[in-house]
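# Close look at the chain arrangement
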Amino acid sequence: MAADLAQKHEVIADTQRTVCFTETPLEHAWMMCEKIPNRTMRFSGYGLAFTRTFARRMGANPVWYLDITRGHNWLTVPINNMVDEARELACHPSKGGEDAAAQADILRLTPFIEQMGKPLGTRKEFWWEREWRHVGDFHFHFADLVVVFAPEEEHDEFEEYLRELKKRGRLPRLVDASWGLERMIAALAGVSEPGPFPE
(Lines give C-alpha, C1' and ligand atoms only; values in the text may rest on other atoms or scores of the structure.)
Protein backbone atom coordinates (compact mmCIF):
# COMPACT_ATOMS: atom_id res chain seq x y z
CA MET A 1 0.00 0.00 0.00
CA ALA A 2 3.07 2.25 0.24
CA ALA A 3 4.40 1.25 -3.21
CA ASP A 4 4.25 4.78 -4.66
CA LEU A 5 6.22 6.13 -1.69
CA ALA A 6 8.82 3.40 -2.10
CA GLN A 7 9.22 4.25 -5.80
CA LYS A 8 9.89 7.93 -5.07
CA HIS A 9 12.03 7.72 -1.92
CA GLU A 10 14.97 5.35 -1.56
CA VAL A 11 15.00 5.60 2.25
CA ILE A 12 11.37 4.46 2.31
CA ALA A 13 12.03 1.74 -0.29
CA ASP A 14 14.52 0.19 2.15
CA THR A 15 11.71 -0.27 4.68
CA GLN A 16 9.47 -2.03 2.13
CA ARG A 17 11.88 -4.56 0.55
CA THR A 18 10.89 -8.08 1.48
CA VAL A 19 11.74 -11.73 0.89
CA CYS A 20 8.55 -13.63 0.05
CA PHE A 21 7.63 -17.19 0.99
CA THR A 22 4.74 -19.36 -0.12
CA GLU A 23 3.15 -22.38 1.51
CA THR A 24 1.99 -23.80 -1.81
CA PRO A 25 1.70 -27.59 -1.31
CA LEU A 26 4.15 -29.76 -3.25
CA GLU A 27 1.38 -31.19 -5.42
CA HIS A 28 0.57 -27.66 -6.63
CA ALA A 29 4.16 -26.47 -7.07
CA TRP A 30 3.93 -26.92 -10.87
CA MET A 31 1.43 -24.06 -10.99
CA MET A 32 4.18 -21.69 -9.88
CA CYS A 33 5.95 -22.32 -13.20
CA GLU A 34 3.00 -22.60 -15.60
CA LYS A 35 2.09 -19.76 -17.92
CA ILE A 36 -1.17 -18.22 -16.70
CA PRO A 37 -3.59 -17.09 -19.46
CA ASN A 38 -4.04 -13.30 -19.63
CA ARG A 39 -1.30 -12.70 -17.04
CA THR A 40 2.04 -11.10 -17.83
CA MET A 41 3.69 -12.31 -14.63
CA ARG A 42 5.50 -15.63 -14.78
CA PHE A 43 7.45 -17.35 -12.04
CA SER A 44 10.67 -19.24 -12.73
CA GLY A 45 11.38 -22.83 -11.71
CA TYR A 46 13.98 -21.83 -9.13
CA GLY A 47 13.45 -21.67 -5.40
CA LEU A 48 14.68 -22.56 -1.94
CA ALA A 49 12.65 -24.46 0.64
CA PHE A 50 12.99 -24.06 4.39
CA THR A 51 10.87 -25.42 7.18
CA ARG A 52 8.08 -23.09 8.25
CA THR A 53 9.42 -23.22 11.81
CA PHE A 54 12.85 -22.00 10.70
CA ALA A 55 11.41 -19.16 8.59
CA ARG A 56 9.16 -18.07 11.46
CA ARG A 57 12.06 -18.08 13.92
CA MET A 58 14.03 -15.91 11.50
CA GLY A 59 11.28 -13.28 11.52
CA ALA A 60 9.03 -14.18 8.60
CA ASN A 61 5.46 -13.02 9.22
CA PRO A 62 2.14 -13.91 7.58
CA VAL A 63 0.67 -11.58 4.96
CA TRP A 64 -2.58 -9.89 5.86
CA TYR A 65 -5.06 -9.85 2.98
CA LEU A 66 -7.11 -6.65 3.04
CA ASP A 67 -10.47 -6.82 1.26
CA ILE A 68 -10.86 -3.67 -0.87
CA THR A 69 -14.19 -4.72 -2.38
CA ARG A 70 -16.62 -1.81 -2.22
CA GLY A 71 -18.79 -2.20 0.86
CA HIS A 72 -16.19 -4.44 2.54
CA ASN A 73 -13.37 -1.89 2.47
CA TRP A 74 -14.00 -0.11 5.79
CA LEU A 75 -10.52 -1.02 7.06
CA THR A 76 -8.84 0.42 3.97
CA VAL A 77 -9.76 3.99 4.98
CA PRO A 78 -7.76 4.29 8.23
CA ILE A 79 -4.78 2.47 6.72
CA ASN A 80 -4.80 4.76 3.67
CA ASN A 81 -5.03 7.76 6.02
CA MET A 82 -1.88 6.63 7.83
CA VAL A 83 -0.06 6.10 4.52
CA ASP A 84 -1.18 9.61 3.48
CA GLU A 85 0.32 10.99 6.72
CA ALA A 86 3.65 9.34 5.83
CA ARG A 87 3.35 10.78 2.30
CA GLU A 88 2.78 14.25 3.77
CA LEU A 89 5.95 13.93 5.85
CA ALA A 90 7.97 12.71 2.87
CA CYS A 91 6.89 15.60 0.65
CA HIS A 92 7.70 18.36 3.15
CA PRO A 93 11.28 18.71 4.39
CA SER A 94 10.03 21.15 7.05
CA LYS A 95 8.03 18.28 8.58
CA GLY A 96 11.00 15.92 8.59
CA GLY A 97 11.06 14.73 4.98
CA GLU A 98 11.59 11.18 3.82
CA ASP A 99 13.75 10.25 6.82
CA ALA A 100 10.87 11.06 9.17
CA ALA A 101 8.40 9.30 6.87
CA ALA A 102 10.55 6.15 6.88
CA GLN A 103 10.09 6.02 10.67
CA ALA A 104 6.28 6.08 10.42
CA ASP A 105 4.74 3.12 12.22
CA ILE A 106 2.45 2.29 9.29
CA LEU A 107 5.49 1.55 7.07
CA ARG A 108 6.39 -1.31 9.43
CA LEU A 109 3.01 -2.84 8.60
CA THR A 110 2.58 -2.16 4.86
CA PRO A 111 5.09 -4.84 3.68
CA PHE A 112 2.71 -7.40 5.19
CA ILE A 113 -0.53 -6.05 3.67
CA GLU A 114 -1.78 -7.33 0.32
CA GLN A 115 -4.83 -5.73 -1.24
CA MET A 116 -7.35 -8.21 -2.61
CA GLY A 117 -10.93 -7.99 -3.80
CA LYS A 118 -12.87 -6.11 -6.46
CA PRO A 119 -12.77 -2.33 -6.20
CA LEU A 120 -14.72 -0.21 -8.67
CA GLY A 121 -13.40 -0.59 -12.21
CA THR A 122 -10.61 -3.08 -11.46
CA ARG A 123 -10.21 -6.66 -10.36
CA LYS A 124 -7.82 -8.13 -7.83
CA GLU A 125 -7.97 -11.82 -7.12
CA PHE A 126 -7.92 -13.56 -3.78
CA TRP A 127 -5.05 -15.96 -3.17
CA TRP A 128 -5.89 -18.89 -0.95
CA GLU A 129 -2.40 -20.23 -0.36
CA ARG A 130 -0.59 -18.79 2.65
CA GLU A 131 2.09 -16.21 2.06
CA TRP A 132 4.81 -15.06 4.45
CA ARG A 133 7.29 -12.21 4.18
CA HIS A 134 10.52 -11.13 5.82
CA VAL A 135 11.58 -7.48 5.72
CA GLY A 136 15.13 -6.98 4.43
CA ASP A 137 17.70 -9.64 3.58
CA PHE A 138 17.04 -13.20 4.75
CA HIS A 139 20.24 -14.67 6.16
CA PHE A 140 20.60 -18.43 6.46
CA HIS A 141 23.24 -21.14 6.59
CA PHE A 142 23.62 -23.91 4.04
CA ALA A 143 22.42 -26.47 6.58
CA ASP A 144 19.09 -24.61 6.91
CA LEU A 145 18.10 -25.52 3.33
CA VAL A 146 15.70 -28.43 2.88
CA VAL A 147 15.12 -28.44 -0.89
CA VAL A 148 16.46 -26.59 -3.92
CA PHE A 149 13.99 -26.14 -6.79
CA ALA A 150 15.52 -26.02 -10.26
CA PRO A 151 14.62 -27.31 -13.74
CA GLU A 152 15.63 -30.97 -14.12
CA GLU A 153 18.02 -30.30 -17.02
CA GLU A 154 20.12 -28.11 -14.69
CA HIS A 155 20.28 -30.51 -11.72
CA ASP A 156 23.78 -31.80 -12.52
CA GLU A 157 25.12 -28.26 -12.78
CA PHE A 158 23.38 -27.25 -9.55
CA GLU A 159 24.64 -30.31 -7.70
CA GLU A 160 28.20 -29.52 -8.73
CA TYR A 161 27.78 -25.93 -7.55
CA LEU A 162 26.29 -27.07 -4.23
CA ARG A 163 29.18 -29.50 -3.68
CA GLU A 164 31.63 -26.63 -4.14
CA LEU A 165 29.77 -24.62 -1.51
CA LYS A 166 29.41 -27.51 0.94
CA LYS A 167 32.54 -29.62 1.07
CA ARG A 168 31.10 -32.22 3.48
CA GLY A 169 27.75 -33.25 4.89
CA ARG A 170 24.40 -33.89 3.23
CA LEU A 171 23.42 -31.76 0.25
CA PRO A 172 19.84 -30.50 0.04
CA ARG A 173 17.67 -32.46 -2.40
CA LEU A 174 17.14 -31.11 -5.90
CA VAL A 175 13.54 -31.10 -7.13
CA ASP A 176 11.87 -29.83 -10.30
CA ALA A 177 8.62 -27.95 -9.59
CA SER A 178 7.09 -29.45 -12.74
CA TRP A 179 7.48 -33.03 -11.43
CA GLY A 180 4.49 -34.92 -10.08
CA LEU A 181 4.05 -35.34 -6.33
CA GLU A 182 5.23 -39.00 -6.30
CA ARG A 183 8.48 -38.14 -8.03
CA MET A 184 9.11 -35.23 -5.66
CA ILE A 185 8.53 -37.44 -2.62
CA ALA A 186 10.87 -40.07 -4.08
CA ALA A 187 13.58 -37.45 -4.64
CA LEU A 188 13.17 -36.11 -1.10
CA ALA A 189 13.43 -39.67 0.26
CA GLY A 190 16.54 -40.33 -1.83
CA VAL A 191 14.90 -42.93 -4.07
CA SER A 192 16.56 -42.74 -7.47
CA GLU A 193 14.01 -44.90 -9.33
CA PRO A 194 10.47 -43.95 -8.21
CA GLY A 195 8.69 -46.59 -10.26
CA PRO A 196 6.62 -46.84 -13.45
CA PHE A 197 4.72 -43.53 -13.05
CA PRO A 198 7.39 -40.93 -12.24
CA GLU A 199 5.69 -37.87 -13.78
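For the structure itself, look to the data block above.
Read on for a plain summary of the structure. (Residues numbered from 1 in each chain as written. Predicted model: local features only at pLDDT ≥ 70, side-chain atom pairs only at ≥ 80, totals over all residues. Heavy atoms only, no water.)

As a further point, take the packing of aromatic side chains. Applying the stated criterion across every chain yields a total of eight aromatic pairs. Each ring, one from phenylalanine 21 and one from phenylalanine 138, has its centre 5.1 Å from the other, and the planes form 75 degrees; the classification is edge-to-face. Note that phenylalanine 21 is positioned in strand β1 (residues 18-22) and phenylalanine 138 in the loop between β6 (131-135) and β7 (147-149), a separation of 117 residues in sequence. Both residues of the pair, phenylalanine 21 and phenylalanine 138, belong to the buried class. Here phenylalanine 50 and phenylalanine 138 contribute two aromatic rings whose centre-to-centre distance is 5.4 Å and whose plane-to-plane angle is 70 degrees, an arrangement assigned as edge-to-face. Of this pair, phenylalanine 50 sits in the loop between β2 (47-49) and α3 (52-57) while phenylalanine 138 is found in the loop between β6 and β7, placing the two residues 88 residues apart along the sequence. (Phe/Tyr/Trp six-rings, centres within 6.5 Å; stacked < 30°, edge-to-face > 60°. Helix = DSSP H or I, 4+ residues; strand = E, 2+ residues; numbered from the N terminus. Buried < 20%, exposed > 50% of the residue type's maximum accessible area, 1.4 Å probe, protein only.)

Structurally, threonine 18 can be placed in strand β1. When its relative accessible area of 28% is taken as the criterion, threonine 18 is described as partly exposed. The spacing of threonine 18 and histidine 134 is 116 residues in sequence and 5.3 Å in space, taken between C-alpha atoms. Contact partners of threonine 18, with chain neighbours within four places excluded, come to Pro111, Arg133, His134, Val135 and Gly136. (Contact = heavy atoms within 4.5 Å.)

Structural measurements only, silent on function.
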